[in-house]
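Given next are the chains, with one letter for each unit.
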Amino acid sequence: MSGGILFGNRLLDVAAISCFSAQFYKVFFPVFKGQKPQWTRLIQTGGMPSSHASTVVSLVTGVSLLKGLNSIEFAISMVFAGIVLYDATGVRQQAGKHAKALNTLIEAIEHHEGIEIINEKFKELLGHTPIEVFWGSVLGVVVGLLFKGYILG
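Predicted, not measured: the structure shown is a model, and the values here were computed from it. (Residues numbered from 1 in each chain as written. Predicted model: local features only at pLDDT ≥ 70, side-chain atom pairs only at ≥ 80, totals over all residues. Heavy atoms only, no water.)

**Examining helix 3 (residues 72-89)**
Condition: Numbering goes from the N terminus for both helices and strands, where a helix is a DSSP run of H or I of at least four residues and a strand is a run of E of at least two. Take the residue count of a helix, subtract one, and multiply by 1.5 Å to get its expected span. Whether a residue is buried, partly exposed or exposed follows from its accessible area with a 1.4 Å probe, protein chains only, as a fraction of its type maximum: under 20%, in between, or over 50%, in that order. Directions pointing from the helix axis toward each C-beta atom define the arc.
Taking 1.5 Å per residue as the helical rise, helix 3 with its 18 residues ought to reach 26 Å, and the 26 Å between its terminal C-alpha atoms agrees with that figure. Three or more residues of helix 3 are buried, namely Phe74, Ser77, Ala81, Val84, Leu85 and Ala88. The arc that holds every buried residue of helix 3, seen down its axis, measures 95°, which confines them to one face. In helix 3, those exposed residues whose orientation departs by more than 90 degrees from the buried face are Ile72, Ile76, Val79, Ile83 and Tyr86.

Following this line, the structure appears as structure tokens:
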């Protein structure tokens, strides 16, 4: 495999394109609801579709095309993807729920007691729902297959 255009590695290029595609979708999805694009979503975590899922699944797709399903590289990329997908829907989603509960509790205490506990809210949109991970994974497969010729180049 010769070098890629962006990172000197075609698999990294496709993973980056897949990640950017998911984030770019998040920016313009509000337009379909009659709202303005949300440019801050380009660099934020969480939401539909999961860019974590699209990134690692496009990598797995590219490795499978380049090295085959029985390769060590495919096995490594599958284990890596499994950990990332589990983390996105498990640990990070729970951390977001905890942040939301803390924000609600702090707001109630501050409102009731009139004292400021912290001066900023905890970030609540951290993880993903299973459906966000599913569609991110679908996007990853699609991007990987769309760039099959580039990967095999």
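Don't stop here, the text continues.
**A closer look at the environment of Thr45**
Looking at the secondary structure, you find Thr45 in the loop between helix 1 (10-28) and helix 2 (51-67). Exposure remark for Thr45: the relative accessible area of 27% places this residue in the partly exposed category. In this structure, the C-alpha to C-alpha distance between Thr45 and His128, residues 83 residues apart in sequence, is 8.8 Å.

**Examining the UniProt feature "transmembrane region" (unreviewed entry) in the chain**
Rules: UniProt positions are given in the numbering used here, feature names are shortened, and annotations may be inferred rather than shown by experiment.
Mapped onto this structure's residue numbering, the UniProt feature "transmembrane region" (unreviewed entry) falls at residues 133-152. Secondary structure content for residues 133-152 is 95% helix and 0% strand, while the C-alpha to C-alpha distance between its ends is 27 Å.

**Some remarks on the nonpolar core**
We apply this condition: Side-chain atoms within 4.5 Å are what join buried Ala, Val, Leu, Ile, Met, Phe, Trp, Tyr and Cys residues into a set we call a nonpolar core. Any two residues whose heavy atoms approach within 4.5 Å are treated as being in contact.
With 16 residues, the main nonpolar core has Val14, Val56, Leu85 and Val133 as its most contacted residues. Ignoring sequence-local partners within four residues, the contact set of Val14 consists of Ser58, Val143, Gly144, Phe147, Tyr150 and Ile151.

**Looking at the side chain of Ser50**
For the record, the criterion: Any N or O atom pair separated by 3.5 Å or less is treated as a polar contact, with the protein-specific requirement of one donor-capable and one acceptor-capable atom, and with residues adjacent in sequence counted only for side-chain atom pairs.
One can find Ser50 in the loop between helix 1 and helix 2. Only 3.4 Å separates the side chain of Ser50 from the backbone nitrogen of His52, close enough to count as a polar contact. At 2.9 Å, the side chain of Ser50 and the backbone nitrogen of Ala53 are in polar contact. If sequence neighbours within four positions are ignored, Ser50 has contacts with Ala22, His128, Glu132, Val133 and Gly136.

**Some thoughts on the packing of helix 1 against helix 5 (residues 130-146)**
Note the cut-off: To obtain an axis, a line is fitted to C-alpha atoms, over the contacting stretch when the element is a helix, and the angle between two such axes runs from 0 to 180 degrees between their N-to-C directions. Comment on the angle field: the value is read as roughly parallel under 35 degrees, roughly antiparallel over 145, roughly perpendicular from 65 to 115, and oblique elsewhere. Note: crossing handedness is left-handed where the near helix turns anticlockwise from the far helix by less than a right angle, and right-handed where it turns clockwise. Put simply, Ala, Val, Leu, Ile, Met, Phe, Trp, Tyr, Cys and Pro go in the nonpolar bin, Asp, Glu, Lys and Arg in the charged bin, and everything else, Gly too, in the polar bin.
Their axes nearest at 10 Å, the elements helix 1 and helix 5 cross at an angle of 135°. Here helix 1 is positioned oblique relative to helix 5, judged by the angle of their axes. Like other packed secondary-structure pairs, helix 1 and helix 5 cross with a definite hand, here right-handed. Residues Val14, Ile17, Ser18, Ser21 and Ala22 of helix 1 pack against Leu139, Gly140, Val143 and Gly144 of helix 5. For the contact of helix 1 with helix 5, the per-class residue count stands at five nonpolar, four polar and no charged.

**Focus on the environment of Leu152**
Inspection of the secondary structure puts Leu152 in helix 6 (residues 148-152). It is 8.6 Å that separates the C-alpha atoms of Leu152 and Gly62, two residues lying 90 residues apart in sequence. Residues in contact with Leu152, not counting those within four places in the same chain, are Leu65 and Leu66.

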